[in-house]
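# Chain and residue survey
Here are the chains, one letter per residue:
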Amino acid sequence: MSGLASLNPAPPNPGRRGVVAVVGHQGRLLVIRRSSHVVAPRAICFPGGGIDAGESEREALVREIREELEAPIEPVRPVWRSVTTWEVELAWWQARLDIALPLRPNPAEVESVHWLTPDELLEHPDLLTSNREFLHALRRGEIVLD
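I will try to describe carefully the structure that is included in this document. Keep in mind that what you see is a predicted model, and the values were worked out from it rather than measured.

What follows covers the overall build of the protein. The number of helices and strands found in the protein is 3 helices and 9 strands. Beginning at the N terminus, the succession of helices and strands in the protein can be written as β-β-β-β-β-β-α-β-β-β-α-α. Taking 15 Å as the expected radius of gyration for a compact globule of 146 residues, we find that the protein reaches 14 Å, a close match to that expectation. For the protein, with 146 residues in total, the buried portion stands at 42%. Sequence separation of at least 24 residues holds for 66% of the intrachain contacts in the protein that already meet a minimum separation of 6. By element, 51% of the accessible surface of the protein is carried by carbon and sulfur atoms, the whole surface being about 7,700 Å². If the 16 positive side-chain charges of the protein are averaged to one point and the 21 negative ones to another, these points end up 2 Å apart.

Right under this line is the structure:
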């Protein structure tokens with residue numbers, strides 16, 4: 001995956017890996033407020049989650065969005081990589097979904113769904129740090145979305 005911007009180098013043997021969906025529509029990005037039942041409760045973040053053993057990033061992205069929002073998603077391409085302060089290696093994927101289809105948040109994982117501009121996200125006090133770093137890289141032109 002040459003050419004991808006990276007906040008931090010990947011750890012030599014990452015303990016955990018995750019995938020993040022970056023979905024845009026009319027200048028806004030799809031984000032969720034996590035439920036109070038998960039890690040980082042009630043935080044605002046891009047949807048996504050852990051990659052299971054033997055699962056590809058693409059497969060994990062499709063599964064996670066189906067689990068969180070009951071929506072089919074089309075992974076387009078990886079756009080960024082980062083490592084969180086918890087040493088989770090994240091693969092950020094630009095993805096598409098049919099805006100006409102309703103998103104149905106799974107209450108065990110997602111409290112609410114929002115479409116916010118990058119500026120609105122950066123101003124949000126509940127935004128996860130890793131998401132803030134992604135948005136700063138996007139602003140600096142290190143990440144290019146179609």
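Text resumes after the structure shown.
By the burial criterion, the buried members of helix 3 (residues 129-139) are Ser130, Asn131, Phe134, Leu135, Ala137 and Leu138. The arc enclosing the buried residues of helix 3, seen along the axis, measures out at 160°, which places them on a common side. Close packing links the buried residues of helix 3 with strand 2 (16-22), strand 4 (28-34), strand 5 (44-45), strand 7 (74-83), strand 8 (88-96) and helix 2 (118-123). At the C-terminal side of helix 3, Gly141 shows a positive phi close to 85°.

The computed volume of the largest pocket comes to approximately 600 Å³. Taken together, 26 residues form the lining of the largest pocket, with Arg34, Gly48, Gly49, Gly50 and Leu90 sitting closest to its centre. Every element with two or more residues in the lining of the largest pocket is listed here: strand 2, strand 4, strand 6 (48-50), strand 8 and helix 3. For the lining of the largest pocket, the element with the highest residue contribution is strand 2, accounting for 5 residues. Broken down by class, the residue content of the lining of the largest pocket amounts to 14 nonpolar, 7 polar and 5 charged. Together, 17 residues line the second largest pocket, and Val23, Gly24, His25, Gln94 and Asp146 are the ones closest to its centre. Counting residues per element, the ones that place at least two in the lining of the second largest pocket are strand 3 (24-25), strand 4 and strand 8. The biggest single contributor to the lining of the second largest pocket is strand 8, with 3 residues. Along the lines of polarity and charge, the residues of the lining of the second largest pocket split into 9 nonpolar, 5 polar and 3 charged.

A separate point is unusual backbone geometry. Despite not being glycine, Ala40 shows a phi value in the positive range, around 55°. Looking at the secondary structure, you find Ala40 in the loop between strand 4 and strand 5.

Parameters at a glance
Residues numbered from 1 in each chain as written. Predicted model: local features only at pLDDT ≥ 70, side-chain atom pairs only at ≥ 80, totals over all residues. Heavy atoms only, no water. Helix = DSSP H or I, 4+ residues; strand = E, 2+ residues; numbered from the N terminus. Rg over C-alpha atoms; globule rule 2.2 N^0.38 Å. Buried < 20%, exposed > 50% of the residue type's maximum accessible area, 1.4 Å probe, protein only. Contact = heavy atoms within 4.5 Å. Areas by Shrake-Rupley, 256 points an atom, 1.4 Å probe, with all protein chains shown as cover. Lys, Arg positive; Asp, Glu negative; His and termini not counted. Charge placed at Lys NZ, Arg CZ, Asp CG, Glu CD. Arc of directions from axis to C-beta. 1 Å grid on protein atoms, 1.4 Å probe; cavity = no way out; pocket = protein on both sides within 12 Å on 5 of 7 lines; lining within 4 Å. Points joined across faces, edges and corners; volume = space filled by probe spheres on them. Nonpolar A, V, L, I, M, F, W, Y, C, P; charged D, E, K, R; others polar.

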